[in-house]
Amino acid sequence: MLNDTGPVGGDPVSRRRLSFVTAADVAAPRRRGWRSFLAIPQGGFGVALLLLLLLLVVIGPFVAPDSPNEISDQPILGPSAEHWLGTDAYGRDILSRVLHGGASVILLPLLAVSAAMVVATLVGLVSGYLGGKVDSVVTWVINIALAIPSYLAVLVVVAAFGGGGAVVVTAVAVVYAPYITRVIRSSTQAVAPREFVLAARARGESLGWILFREITPNIGPTLLVEIALRFTYAIMFIASLSFLGLGVQPPSSNWGVMVAQNRALLLVSPVGVLVPALMIGVLAIAVNLIADALTQFFGDRIHERLMV
């Protein structure tokens, strides 16, 4: 007969029953964590704004009344029943361009931050854990990189390789990687002397295991906050580059490009400038609110195991 209550010495089936954990048991802490995060005013409001913008980006191209680059014979037209936000200097429907233009405003900063995060995480973990000459070299490179103004570095890269989305993503990733590396390195140095890391070393675990199974989960909150902050900066940075003609190029309906192309008509038809500029601002505010909420959330719960 199976012994369902015996703690030791039972048959394999009994031991499996004792250790069985349902998916609901695993998901419950996550649900509590999400509820606590959304209960923070900045978190709930920021997530709501971001979801609305993402919904707009996804369904916008399907509900847009016209093609974003369709030229008509009604340039600089004010809001009307046919063109709700009017038309630009080329007669293109502003509403259609706004609905089509959000994807690149979100995607390019996300790609740039993701690329920077991958490189910075690897370098920061290795540097912070190994220390010694490796850390000295990494610190020296970081200090040199941080001494160069961000816009100057990007301008040099764009001047050398030309504009366009791929070049801007690469340039912004290179610029942000040292900042992220410095944060991860510092966090790793704080975790490396902890008992569980020393125990893993004593067991003979590999470097990869220690870095990614012992240290990384314990600096996860720092990584999430840094991603959110850098994403906010990247949105404004890449939008500024597009405005200057160094990022996404016309005839793209990117919101930064729209602001640049319509700024000469600001006094005549301000909608073409104000609406895309407002969309960029709302996106940056939403991500920044989420970053602030993450800082508060993990700051209040830094000793809780909320990340599974």
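Just so you know, these numbers come straight off a predicted model, no measurement behind them.

Caption draft 1: Spatial organisation of the overall build of the chain. Tallying secondary structure elements over the chain gives 13 helices and 0 strands in all. Of the regular secondary structure in the chain, the N- to C-terminal order runs α-α-α-α-α-α-α-α-α-α-α-α-α. Across the 308 residues in the chain, those meeting the buried criterion constitute 41%. At a minimum sequence separation of 6, the contacts of the chain that also span at least 24 residues come to 69%. Accessible area of the chain: about 16500 Å², with a carbon and sulfur share of 68%.

Caption draft 2: Inspection of helix 5 (residues 102-130) at higher detail. Here helix 5 spans 42 Å end to end across 29 residues, near enough to the 42 Å set by a 1.5 Å rise per residue. Positive backbone phi, at 65 degrees, marks Gly-131, one or two positions downstream of helix 5.

Caption draft 3: Highlighting the packing of aromatic side chains. Scanning the entire structure with this criterion turns up 4 aromatic pairs. Ring geometry for Phe-37 against Phe-297: centres 5.8 Å apart, planes inclined by 85 degrees, an arrangement best described as edge-to-face. In this pair, Phe-37 sits in helix 2 (residues 23-39) while Phe-297 sits in helix 13 (residues 271-300), placing the two residues 260 residues apart along the sequence. When the centroid spacing of 5.1 Å and the interplanar angle of 70 degrees are considered together, the rings of Phe-297 and Phe-298 count as edge-to-face. Using a relative accessible area of 5% as the deciding quantity, one classes Phe-297 as buried. A network of ring pairs unites the aromatic residues Phe-37, Phe-297 and Phe-298 as a single cluster. Its end group placed over the ring of Trp-209, Arg-213 keeps NZ or CZ at 4.5 Å from the ring centre. Against the face of Tyr-176 rests Arg-230, its NZ or CZ located 5.6 Å from the ring centre.

Parameters and conventions
- Residues numbered from 1 in each chain as written.
- Predicted model: local features only at pLDDT ≥ 70, side-chain atom pairs only at ≥ 80, totals over all residues.
- Heavy atoms only, no water.
- Helix = DSSP H or I, 4+ residues; strand = E, 2+ residues; numbered from the N terminus.
- Buried < 20%, exposed > 50% of the residue type's maximum accessible area, 1.4 Å probe, protein only.
- Contact = heavy atoms within 4.5 Å.
- Areas by Shrake-Rupley, 256 points an atom, 1.4 Å probe, with all protein chains shown as cover.
- Expected span 1.5 Å × (residues − 1).
- Phe/Tyr/Trp six-rings, centres within 6.5 Å; stacked < 30°, edge-to-face > 60°.
- Lys NZ or Arg CZ within 6 Å of the ring centre and 35° of its normal.

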